[in-house]
Amino acid sequence: MSAALEIEELSISFPVAGQRVRVVDEVTLQIQPGEVLALVGESGSGKSMIALGCLRLVPKPGRVDAGRVLLHGRDLMPLSVPEMRKLRGASLAMIFQEPMTSLSPVVTVGEQVAEAILLHEKVTRKAAHARCVELFERVGIPDAGARTHAYPHQLSGGLKQRVMIAMALSTRPRVLIADEPTTALDVTIQAQILELLRELQRETDSAILLITHDFGIVNELADRVAVLYAGRLVEEAPRETLLHRPRHPYTQGLLRSMPGSVVKGERLEEIAGTLPPLTELPAGCRFATRCARVFEPCHESTPASLQLAPEHSAFCFAVAEEEGG
Amino acid sequence: MEAHHVSNLLVALLLLGAAATGRALWRNRLWREALTELWRRRRLSLLTIALFISVGLLDSVAWIGGEVAGEDLLASHEARSVIDRLFLKPAEGSYSAPFATHTFYNKQPLVAPAGHPFGTDILGRDVFHRTLKGVRVALLIGGFTSLIAIPLALLLGIRAGYFGGRFDDMVFFVMSTLASIPSLLLLIALILVLGRGTWQVCVALGITSWVGLCRVTRGETLKLRELDYIQAAKALGVSNGRILLRHILPNLMHLVIVTFVLLFSQLVLSEATLAYLGIGVDGSWGQMIDQARTELSREPVIYWNIAAAGAAMFTLLLAVNYVGDALRDILDPRTLREDA
Amino acid sequence: MLAYILRRLGYGVGVVFGVLFVLFVLFFQIATPDDIARRALGEKARAQDIEDWKANNGYDRPLWPWQDFRDNQLFTHYHSMLRFDFGRSDVDGTPIARRLREGVAPSLTITVPIFVLSLLLTVLLGLFVAFFRETYIDIAGVFLCVLGMSVSILLYIIGGQFLIGKLLHWFPISGFDLDPSVMLRFIALPVMIGVLSAAGGDVRFYRTVFVEETGRDYVRTARAKGAGELRVMLRHVLRNSLIPILTRVVVTIPFLFVGSLLLENFFGIPGLGSLTVDSIQQNDFRTLRVIVFVFSLMFIGGQIATDISYAAVDSRVRLE
């Protein structure tokens with residue numbers, strides 16, 4: 001059985017100060033149908049670019065340099081623009097980070113969701129609207145019928161995100177990309193939205209690429225986790241393994257710096273230094289400038305993927321040495 | 001003190017002022033980067049503007065005496081500028097085409113055959129000379145008006161934005177009142193009541209154009225006032241005057257410069273419209289175009305007057321607009337979208 | 001909402017009073033009745049003639065209330081202007097209100113087509129250039145706009161008249177007739193020139209608005225839904241740009257008048273623009289004062305209408 005979504009050695013670059021910088025560098029990921037893969041990283045690590053790359057919506061002047069994205073075995077990169085458009089929102093949908101600004105302020109939310117349906121299916125406007133009311137009920141918007149006529153500014157942030165989810169689910173996509181779906185929301189609303197996503201995912205059996213920087217959300221929702229640092233994958237593992245037995249120094253550092261990871265009263269650790277500016281990325285391992293376990297090979301070449309267990313791999317020379325080369 | 005002494009003195013002051021401003025800007029790293037970027041993007045336009053400014057300055061330095069054209073006794077007692085001294089040939093009889101050897105209509109031989117690259121006008125004056133003299137007028141309109149409008153706008157805008165209260169209400173009311181009168185009509189009314197002449201036109205243009213900049217400065221000051229570092233400076237007991245001078249004003253400079261550049265071309269265009277209405281500035285390109293209007297309906301057509309004035313005006317404005325566009329991009333990609 | 005409308009109207013009335021005060025200062029204090037009389041009669045007029053002229057034209061009373069509380073020019077100025085009682089021209093004694101009325105129709109025949117055509121054309125061109133943003137079409141488009149903005153309207157008019165009227169003989173060079181069958185021939189050239197002369201600045205402005213709007217998050221959402229680029233532009237970007245477009249339209253209405261001032265005079269159209277030019281050339285101060293007042297009034301009304309319709313259409317606008 002083929003994976004729902006495969007990303008193969010995807011590279012995306014932006015021009016910065018006269019040179020092209022790879023903000024995503026040869027990232028490879030696979031998501032099976034019915035699986036939730038969490039993509040974790042600091043802000044600026046290239047998470048959202050991977051998502052936009054899958055939809056071929058990388059904003060100018062950025063561009064996809066190399067790599068393939070396969071949706072159920074079909075490569076998206078060579079598709080023509082109209083073919084790609086047919087897939088967007090239909091088989092491959094996306095939920096964005098900012099529900100406040102991601103909806104057009106001058107169109108009713110019902111119309112915006114109906115548009116997504118009408119773009120992909122030959123149904124009447126009326127039928128689309130009826131579907132829209134159904135969807136609103138499904139994602140838990142109270143008073144769904146009336147709310148379809150509301151403008152975004154008349155809804156709270158949580159409701160807006162529910163609208164976004166309804167819009168993404170409107171065509172029953174097989175792959176859903178959720179880019180920090182709860183970051184902009186209150187904590188209590190966050191829990192509700194996560195609950196909703198989990199329910200919907202079980203129901204439809206779609207694959208979800210969940211982008212986040214929050215291990216709490218990872219713990220709630222993800223089956224597997226991939227960690228990204230400065231545009232490169234550093235570790236990939238099933239949730240339990242990654243949360244409890246991380247191997248890459250960066251993943252370990254990330255987890256140690258999380259509140260709740262240490263006994264009360266102890267100081268939280270932090271990773272020394274900051275994400276290097278895009279123009280000053282180190283030549284070898286991109287984490288080398290901040291890594292406590294750095295040694296010669298780290299500065300010379302990029303670490304390759306190292307299989308530690310079935311489904312668990314890390315990109316690190318130190319780990320490789322530990323394993324006995 | 002005679003007019004040409006004032007003019008000479010002003011040129012000296014202007015050069016000193018420009019040098020001082022340039023030095024101050026060059027010492028600031030951000031400004032230096034912005035200016036370098038501007039030079040990289042708009043080299044040709046900047047050189048064009050520099051050429052025009054040099055002509056304007058050369059036309060502003062004048063003295064009495066020296067060689068005169070032919071036997072012209074009047075000219076020997078007048079102050080003549082450097083530019084004037086480059087044109088020592090006496091006037092021809094009437095129209096002559098560019099580089100012609102005879103007058104256009106009755107074919108009289110010219111005093112200076114093939115000596116007029118842009119031809120001569122109805123009174124036999126060299127059109128190239130008149131076009132060059134127009135440079136100074138255009139720069140004067142833009143420069144002198146800005147000298148009235150910018151300080152006024154800054155003073156009122158910053159005070160109103162920073163202190164708020166009744167003063168702000170008053171400034172805001174005056175602005176909305178002036179902005180409610182269509183600017184060309186206000187301009188016409190002002191010139192009619194002030195009388196016709198160069199400084200009257202500049203004052204009138206100044207009064208109609210300070211409002212736009214004042215609105216921008218007031219709005220920006222309102223925003224700046226709320227910023228943390230201003231609040232911090234206040235909490236530390238820094239005096240209001242010092243805050244305005246050290247923190248607010250420098251943060252408005254980019255707005256002022258961009259507005260000035262964009263305003264400049266509008267002023268020159270407005271003057272052309274006024275010239276058509278017969279209330280422009282003497283010797284301006286607008287006036288030349290206006291006077292040349294009927295020449296296009298002559299047979300055969302006299303085109304060189306209007307072409308010379310039109311081309312000169314177009315070249316200057318295109319360069320200025322092009323620089324203004326780039327400046328806006330470089331200095332402020334967001335807030336200054338297009339209010340002018 | 002009602003409170004907002006009332007407050008906005010109240011402020012509008014205040015501005016009208018302010019405009020009238022500015023006019024009073026200009027036309028009575030800076031240009032005193034003596035100046036006005038001298039302009040009308042010539043510099044060498046005798047003192048007695050000036051006094052007579054002032055008495056005949058109603059300029060002989062004191063200006064300010066503190067000079068004579070019951071009978072002063074300030075009061076008369078406000079009183080007559082607000083009642084639309086505009087009086088007679090300083091120069092030939094014709095009622096100003098009648099001349100205004102006569103000028104409205106010819107003016108509208110060129111300003112309305114210019115307004116509608118230029119709005120349609122510039123918005124469409126703006127969309128077109130924005131659609132091709134960051135390509136050579138965009139760069140060329142913006143350059144053409146800047147080019148167009150650097151040419152004086154005088155040159156547009158003279159050039160247009162020369163090229164189309166004289167060289168190509170497509171349309172008559174000047175003249176006017178309200179008869180619809182021949183009117184089109186007369187207004188075609190001024191309308192074309194009017195549209196063209198303002199196109200550069202407008203297209204560039206709309207392009208900026210559209211390009212800025214295409215960078216917003218909801219546009220990304222629309223693309224992620226599978227909407228095509230054309231649909232994104234027409235349905236999402238254009239709809240969200242209506243407010244800046246509306247604002248721009250209100251702001252440019254007085255400039256429309258500026259354009260028509262010259263156009264009317266050039267092409268011999270007996271409208272309000274020609275009236276203005278005539279009163280400038282004849283030093284007809286009273287007519288000019290009335291014209292400025294009437295146009296300011298229209299402008300203020302337009303601004304209030306836009307502000308209120310914003311508030312009604314778009315409740316995102318804070319009611320301040």
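Residues numbered from 1 in each chain as written. Chains lettered and ligands numbered in written order. Predicted model: local features only at pLDDT ≥ 70, side-chain atom pairs only at ≥ 80, totals over all residues. Heavy atoms only, no water.

1. Let's talk about the domain arrangement of chain C
All names here are of chain C. We count it as follows: Bear in mind that the domain bounds are from an automatic or database domain assignment. Throughout, a residue-residue contact means that at least one pair of heavy atoms, one from each residue, lies within 4.5 Å. Note on terms: buried area is the combined drop in 1.4 Å-probe accessible area of two parts once they are placed together, counting the loss on both. A carboxyl oxygen of Asp or Glu within 4 Å of a side-chain nitrogen of Lys or Arg is what we treat as a salt bridge. Pairs of N or O atoms are called polar contacts if they sit within 3.5 Å, as long as, within protein, a hydrogen donor faces a hydrogen acceptor (for residues adjacent in sequence, only side-chain-to-side-chain pairs). Helix numbering and strand numbering both begin at the N terminus, where a helix is a DSSP run of H or I of at least 4 residues and a strand a DSSP run of E of at least 2. Three classes are used: nonpolar for Ala, Val, Leu, Ile, Met, Phe, Trp, Tyr, Cys and Pro, charged for Asp, Glu, Lys and Arg, and polar for all others, with Gly counted as polar.
Examined at the domain level, chain C breaks down into domain 1 (2-82) and domain 2 (105-271 + 290-313). Once you take the C-alpha centre of each, domain 1 and domain 2 turn out to be 36 Å apart. Listed per partner, the contact involves twelve residues of domain 1 and eleven residues of domain 2. For the domain 1 face of the interface with domain 2, the top three residues by lost area are Y4, R8 and M81, together amounting to 44%. Scanning the region where domain 1 abuts domain 2 turns up one salt bridge. Residue R8 pairs with D307 through a salt bridge whose shortest N-O separation is 2.6 Å. At the boundary of domain 1 with domain 2, the tally comes to one residue pair in polar contact (both at pLDDT 80 or more). Those elements that place two or more of their residues in the side of domain 1 that touches domain 2 are α1 (2-30) and α4 (73-82). It is α1 that provides the largest number of residues to the side of domain 1 that touches domain 2, a total of ten residues. For the side of domain 1 that touches domain 2, the class distribution of residues is ten nonpolar, one polar and one charged.

2. Notes on the packing of aromatic side chains
The following threshold applies: Pairing of aromatic side chains requires ring centres within 6.5 Å, counting the rings of Phe and Tyr and the six-membered ring of Trp. Pairs whose planes differ by under 30 degrees are stacked, by over 60 edge-to-face, and all others tilted. In this scheme, a residue with accessible area under 20% of its type's maximum is buried, one over 50% is exposed, and one in between is partly exposed, where area comes from a 1.4 Å probe on protein chains only. Criterion for a charge above a ring: Arg CZ or Lys NZ at most 6 Å from the ring centre, at most 35 degrees from the ring normal.
Enumeration according to the criterion identifies 20 aromatic pairs over all chains in this entry. Ring geometry for Y162(B) versus F163(B): centroids 5.0 Å apart, planes at 85 degrees, classification edge-to-face. Classification of Y162(B) by relative accessible area gives buried; the value is 4%. Note on F163(B): relative accessible area 41%, which makes it partly exposed. Ring pairing ties together the aromatic residues F21(C), F24(C), F28(C) and W64(C), which thus form one cluster. Across the ring face of W26(B), the terminal group of R32(B) is positioned such that the distance to the ring centre comes to 5.9 Å. The ring of F167(B) is capped by R159(B), whose NZ or CZ atom sits 4.4 Å from the centre of that ring.

3. Thoughts on the sheet that holds strand β2 (residues 19-31) of chain A
All names here are of chain A. Formally: Note: two strands are recorded as paired if DSSP finds a minimum of 2 bridges between them. To obtain each axis, a line is fitted to C-alpha atoms, and for helices this fit is confined to the stretch in contact; angles are then taken between N-to-C directions over 0 to 180 degrees.
Judged by pairing direction, the sheet is antiparallel, and its four strands sit side by side in the order β2-β1-β4-β5 without closing on themselves. Here the strands that pair on one side only, and so sit at the sheet edges, are β2 and β5 (74-75). Taken strand by strand, helix α1 (residues 47-54) contacts β1 (5-16), β2 and β4 (63-71), and its axis lies near 115 degrees from that of β1.

4. Side note on the nonpolar core
Short version of the rule: What we call a nonpolar core is a set of buried Ala, Val, Leu, Ile, Met, Phe, Trp, Tyr and Cys residues that are connected through their side-chain atoms within 4.5 Å.
By size, the foremost hydrophobic cluster in this structure holds 153 residues, and its most contacted members are I188(B), I248(B), W285(B), F27(C) and L100(C). Not counting the four nearest positions on each side in its chain, I248(B) is found in contact with I158(B), Y162(B), T221(B), L224(B), I230(B) and I243(B). In terms of nonpolar packing, the next biggest core, distinct from the first, is built from 101 residues, I193(A), L221(A), A222(A) and Y250(A) among them.

5. Section: the environment of V112(C)
Residue and element names in this part refer to chain C. Within the secondary structure layout, V112 lies in helix α5 (residues 96-131). When its relative accessible area of 42% is taken as the criterion, V112 is described as partly exposed. For V112 and P270, which are 158 residues apart along the polypeptide, the C-alpha to C-alpha distance reads 15 Å.

6. A word on the domain arrangement of chain B
Note on interface size: it is often stated as the accessible area lost on association of the parts. Residue and element names in this part refer to chain B. Per the domain assignment, the segments making up chain B are domain 1 (1-63 + 81-86) and domain 2 (137-340). Placing a centre on the C-alpha atoms of domain 1 and another on those of domain 2 gives a separation of 19 Å. On the domain 2 side, the residues contacting the 13 residues of domain 1 number 17 residues. Taken together, both faces of the contact between domain 1 and domain 2 bury some 1,300 Å²; the carbon and sulfur share is 85%. When the area that domain 1 buries against domain 2 is broken down by residue, the three leading residues are W31, R42 and F52, summing to 43%. In this structure, the connection of domain 1 to domain 2 is made through one residue pair in polar contact (both at pLDDT 80 or more). Examining the composition of the side of domain 1 that touches domain 2, we find that seven residues originate from one element, helix α3 (residues 43-58), more than from any other. A class-by-class count of the residues in the side of domain 1 that touches domain 2 yields seven nonpolar, three polar and three charged.

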